[in-house]
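Residue strings, one per chain:
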Amino acid sequence: MVHPAPFPRLTALAVAPCSRPLTGVTRVPGDKSISHRALMFGALAVGRTEISGLLEGEDVLATATAMNAFGAVATRTGDQRWTVDGVGVGGLAEPEDVLDLGNSGTSARLLLGMLASHPITAFVTGDASLRRRPMGRVVEPLSRIGARFVTREGTRLPLVVSGAVDPLPIVYWLPVPSAQVKSSVLLAGLNTPGETTVIEPNATRDHTERMLRHFGARVVTEPEEAGGRRITVEGFPELTAAPIIVPGDPSSAAFPLVAALIIAGSDVTVEGVGVNPLRTGLLECLSEMGADIALVNQREEGGEPVADIRARARGLIGADIPAERAPRMIDEYPILAVAAACARGRTIMRGLAELRVKESDRLSGIASGLASCGVRVAADGDNLIVDGDGDRPKGDALIETRLDHRIAMAFLVLGLAARKPVRIDDGAPIATSFPGFIGLMSALGASISEEG
Ligand code: S3P
């Protein structure tokens, strides 16, 4: 098993208010969702899958380690280049030791789906953040397929899963809009006879469906009569290794792009960003807020739409963000809230219940962080209301990041636009999804430093 050199652990970070515009052309690391899936589906395929642009963040490396524990061979062959020698659907071996998935909810939920229809037993745990997150949302449907679980109180990690010997196909209505739950059930369906169906009332990211088709599985997506979409996978497909090009992660690109929008005179282009329409809710919101954002050089790479995105600073105005958009931008609310704090007028972000069960309770983390930076903010049930005056926020605050990479990065961006420095108590979680974040922001003109 080969791993890249460990990433430096960051600690407390301080960001200085920007005194000059951010400028430049850059690239962000590979898409986290697609990277996890490339490794997992590569492990379930027959043959060698070649991946370029893989995100080498801690979350994805946890998935790579787990795939090796299942008997597949995931190997780093160069910068962001990996190969996976798969074992084929039904071929997963029982891991010899506990699988520690660190901070990664996607690893945990998707892996449980893979395991649910393989007759093996695995012990799964994670860091303090992941051990707090709800696993009942996958344990419930996977139990219907026939997997057995022993979990901690509240259906949390650590847990033990014993996959079904004779898995049963199910039709499952997603009770929460979650691509992780959808993917978990579809993955279980691969080693299950017949057809396994997930019905989602509100469309979530479809990287699983796209990539399974790319590997040769039969996956049918059709409109559901009662609204939403019905996704069906046929069991026992011959998954065949296929090359994967991972586009830049739009959820990571969001940080330098919003920074450019809120720092006067800035002009930043992020090249090669995934613009799958089920991931671009943030761009719609920013356009409604009056942002100057352009998608150029739009193309398709490896079955996913990709573009270069250029953002130029311009005064933003508040907007009313509908709940239906949430699944298409679920990871972008921390940075959208920062944009809202710098806009003129009221921004209402509706229907954010799912934010409470992310790497941290993001609804409360955003609200308390903004308030400590002097921003007028209120959490009203599942809605977040931010009142900006179009001026730079005060800043002058120490933000608790609560093991949450996106809270850490969002408040560093706020600090760039603030009048006084902002500090975050722990920058280490940034390495889960965006290794190189500080170097990239510094190259654009930001000043972020480690505190001694
Ligand atoms: C992900 C789905 C989302 C997202 C997460 C990645 C995925 O989670 O927040 O960062 O790769 O499927 P939910 O499915 O829980 O909304």
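Note that the structure is a prediction, hence the values are computed from the model and not measured.

Caption draft 1: Broad picture of the overall build of the chain. From N to C terminus, the chain includes 13 helices and 24 strands. Computed over its C-alpha atoms, the radius of gyration of the chain comes to 21 Å, within 12% of the 22 Å expected for a compact globule of 452 residues. Over its C-alpha atoms, taken along the principal directions, the chain stretches across nearly 60 × 45 × 45 Å. Residue burial in the chain is summarised as follows: out of 452 residues, 60% are buried. Only carbon and sulfur atoms are counted for the fraction: they give 50% of the accessible area of the chain, which is about 16100 Å². Taking the average location of the 45 positive side-chain charges in the chain and that of its 53 negative ones, the two points are 5 Å from each other.

Caption draft 2: Region of interest: the environment of Cys342. Turning to its location among the elements, Cys342 is positioned in helix α10 (residues 333-342). Once the C-alpha coordinates of Cys342 and Thr196 are considered, the two residues, 146 residues apart in sequence, prove to be 46 Å apart. Ignoring anything within four residues of it in the chain, the contact list for Cys342 reads Ile262, Gly390, Asp391, Pro393 and Ala417.

Caption draft 3: Quick peek at the pairing of strand β23 (residues 420-424). Where strand β1 (residues 13-15) meets β23, 3 bridges bridge the pair, whose relative direction is antiparallel. Its bridge partner lying in β23, Val15 is registered against Val422. Across 4 bridges, strand β22 (residues 395-399) lies against β23 in parallel orientation. By the bridge assignment, Ile399 is partnered in β23 with Ile424. As a crossover connection, the stretch from β22 through helix α12 (residues 405-417) into β23 is right-handed.

Caption draft 4: Molecular detail of the site of the ligand. In the region of the ligand, the neighbouring residues are Lys32, Ser33, Arg37, Thr106, Ser178, Ala179, Gln180, Arg205, Ile330, Asp331 and Lys358. Note that an oxygen atom of the ligand is positioned 3.5 Å from one of the side-chain N or O atoms of Lys32. The separation between an oxygen atom of the ligand and a polar side-chain atom of Lys358 is 2.7 Å. Every element with two or more residues in the shell around the ligand is listed here: α1 (32-44) and α6 (179-190). With 3 residues, α1 is the single largest residue contributor to the shell around the ligand. A class-by-class count of the residues in the shell around the ligand yields 2 nonpolar, 4 polar and 5 charged.

Caption draft 5: Up close: the packing of α1 against α6. The geometry of α1 relative to α6 is characterised by a closest axis approach of 12 Å and an angle of 10° between their N-to-C directions. Accordingly, the angle class assigned to the pair α1 and α6 is roughly parallel. Across the interface between the two elements, Arg37, Met40, Phe41 and Leu44 from α1 touch Ala179, Ser183, Leu187 and Leu190 from α6. In terms of residue class, the contact of α1 with α6 is built from 6 nonpolar, 1 polar and 1 charged.

Caption draft 6: Main features of α1. In this model, α1 (13 residues) spans 19 Å end to end at C-alpha, consistent with the 18 Å of a helix rising 1.5 Å per residue. By the criterion of burial, α1 is predominantly enclosed, with 13 of the 13 residues buried. One side-chain oxygen at the N-terminal end of α1 lies 2.9 Å from the backbone nitrogen of Ser33; it belongs to Asp31.

Caption draft 7: Highlighting the sheet that holds strand β6 (residues 99-100). Here 4 strands make up an open sheet; going across it, the order is β6-β7-β9-β8 and the pairing mixed. Strands at the two margins of the open sheet, each flanked by one partner only, are β6 and β8 (148-152). Note that β8 and strand β9 (residues 156-162) share 5 bridges and pair antiparallel. Each residue of the ladder has a partner; that of Phe149, found in β9, is Val161.

Caption draft 8: Structural context of the environment of Arg362. One can find Arg362 in helix α11 (residues 362-372). On the accessibility criterion, Arg362 (0% relative accessible area) is buried. Separated by 204 residues in sequence, Arg362 and Pro158 place their C-alpha atoms 23 Å apart. Not counting the four nearest positions on each side in its chain, Arg362 is found in contact with Asp331, Pro334, Leu355, Arg356, Asp404, His405, Arg406 and Ile407. Polar side-chain contacts of Arg362 include one of 2.8 Å to the side chain of Asp404.

Caption draft 9: Structural context of the environment of Ala179. Tracing the backbone shows Ala179 in helix α6. Relative accessible area serves as the criterion here: at 11%, Ala179 is assigned to the buried category. When the C-alpha positions of Ala179 and Val375 are compared, they lie 32 Å apart, and in sequence the two are 196 residues distant.

Caption draft 10: Representation of the packing of aromatic side chains. Applying the stated rule across the entire model yields 3 aromatic pairs. Look at Phe41 and Phe215: their rings are 6.5 Å apart centre to centre, the planes differ by 85°, and that puts the pair in the edge-to-face class. Of this pair, Phe41 sits in helix α1 while Phe215 sits in the loop between α7 (207-214) and β12 (219-223); the two residues are 174 residues apart in sequence, bridging distant segments of the chain. No difference in accessibility class separates Phe41 from Phe215, as the two residues are buried. Ring geometry for Phe434 and Phe437: centres 5.2 Å apart, planes at 70°, overall edge-to-face.

Basis of the calculations
- Residues numbered from 1 in each chain as written.
- Predicted model: local features only at pLDDT ≥ 70, side-chain atom pairs only at ≥ 80, totals over all residues.
- Heavy atoms only, no water.
- Helix = DSSP H or I, 4+ residues; strand = E, 2+ residues; numbered from the N terminus.
- Rg over C-alpha atoms; globule rule 2.2 N^0.38 Å.
- Buried < 20%, exposed > 50% of the residue type's maximum accessible area, 1.4 Å probe, protein only.
- Areas by Shrake-Rupley, 256 points an atom, 1.4 Å probe, with all protein chains shown as cover.
- Lys, Arg positive; Asp, Glu negative; His and termini not counted.
- Charge placed at Lys NZ, Arg CZ, Asp CG, Glu CD.
- Contact = heavy atoms within 4.5 Å.
- Pairing = 2+ DSSP bridges.
- Right-handed = clockwise from strand over helix to strand, strands pointing away.
- Near = heavy atom within 4 Å.
- Polar contact = N/O pair within 3.5 Å; in protein donor to acceptor, adjacent residues only side chain to side chain.
- Nonpolar A, V, L, I, M, F, W, Y, C, P; charged D, E, K, R; others polar.
- Axes fitted to C-alpha atoms, helices over the stretch in contact; angles between N-to-C directions.
- Parallel < 35°, antiparallel > 145°, perpendicular 65-115°, else oblique.
- Expected span 1.5 Å × (residues − 1).
- Phe/Tyr/Trp six-rings, centres within 6.5 Å; stacked < 30°, edge-to-face > 60°.

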